[in-house]
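Residue-level structural notes
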Amino acid sequence: MPKNNRPGPRPAQSAQAAKQFAPVAAALVCGLAATFILLLIFSWLFTKTQIPAWWAVPLATAAVCVGCFVSAHVLAQKIKKIIETNYAHSYLGLYYISDQVKVSTTYVSKVFKEEYGIGVVEYMNRLRIDGAKKLLETQDLTIREIAERVGFTSDIHFIRIFKKYENTTPGVYQKQGR
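Here the structure is a predicted model, which means the values were calculated and not measured.

1. Overview of the nonpolar core
Grouped together as the largest cluster of nonpolar side chains are 18 residues, with contacts concentrated most on Ile79, Ile83, Leu92, Ile97 and Val120. Those elements that provide at least two residues to this core are helix H2 (56–86), helix H3 (94–101), helix H4 (105–116) and helix H5 (120–138). Considering every element that reaches this core, the biggest residue donor is H2, with six residues. Ignoring any residue separated from it by four or fewer positions in sequence, one finds isoleucine 79 in contact with Ile97, Val101, Val108 and Phe112. Counting residues in hydrophobic clusters, the runner-up holds 15 residues, among them Ile129, Leu136, Ile143 and Val150.

2. Remarks on the packing of H5 against helix H7 (residues 155–166)
Packing of H5 against H7 leaves a shortest axis separation of 10 Å and a crossing angle of 95 degrees. Taken together, the axes of H5 and H7 lie roughly perpendicular to each other. Across the interface between the two elements, Glu122, Asn125, Arg126, Ile129, Ala132, Lys133 and Leu136 of H5 pack against Phe158, Ile161, Phe162, Tyr165 and Glu166 of H7. Of the residues in the contact of H5 with H7, the class split is seven nonpolar, one polar and four charged.

3. A look at the packing of aromatic side chains
If you walk through the whole model with that rule in mind, you get six aromatic pairs. On the numbers, 5.5 Å between centres and 50 degrees between planes, the contact of phenylalanine 112 with tyrosine 123 is tilted. In this pair, phenylalanine 112 sits in helix H4 while tyrosine 123 sits in helix H5, placing the two residues 11 residues apart along the sequence. An aromatic cluster of three or more residues is present, and its members are Phe152, Phe158, Phe162 and Tyr173. The ring of phenylalanine 152 carries the charged tip of arginine 128 above its face, separated from the ring centre by 5.6 Å.

Basis of the calculations
- Residues numbered from 1 in each chain as written.
- Predicted model: local features only at pLDDT ≥ 70, side-chain atom pairs only at ≥ 80, totals over all residues.
- Heavy atoms only, no water.
- Core = buried A, V, L, I, M, F, W, Y, C linked by side-chain atoms within 4.5 Å.
- Buried < 20%, exposed > 50% of the residue type's maximum accessible area, 1.4 Å probe, protein only.
- Helix = DSSP H or I, 4+ residues; strand = E, 2+ residues; numbered from the N terminus.
- Contact = heavy atoms within 4.5 Å.
- Axes fitted to C-alpha atoms, helices over the stretch in contact; angles between N-to-C directions.
- Parallel < 35°, antiparallel > 145°, perpendicular 65-115°, else oblique.
- Nonpolar A, V, L, I, M, F, W, Y, C, P; charged D, E, K, R; others polar.
- Phe/Tyr/Trp six-rings, centres within 6.5 Å; stacked < 30°, edge-to-face > 60°.
- Lys NZ or Arg CZ within 6 Å of the ring centre and 35° of its normal.

Shown next as structure tokens:
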């Protein structure tokens, strides 16, 4: 745990975090560039053709939406990669993810759910439970050890989430698998 006793990235992860942010920044720039180009095209069309003036707002809005869609899609992919890479770490959560991609927790949740149809926390829990099932089937570990290895800070919370997704407790699942 860092010296300030707050969960989060270690100093060695700072360079990695910078590398992870690069694709998000590029996506945002691409989205803005796409929006700008479309606005330029629409502006040119209005000056060279007889498009009615009342089309200006809908066309400009469409240009902005295209740029936002490109950015949101890439951002959702980035969020998914962060979750898949770090699901076994207890510090992984909405605040960590939002800090990594430099957007609000609300926007992280919204973009991810719109792209994949599943919430961020639900996706993290599903990955953690799948990892736990593999450990329960192959390793001779206690429930507490398995909970810690897949990112849960409490074995009681792990048991509750496991039962929610698998309709059985990890202990029963482990005994059935052997």
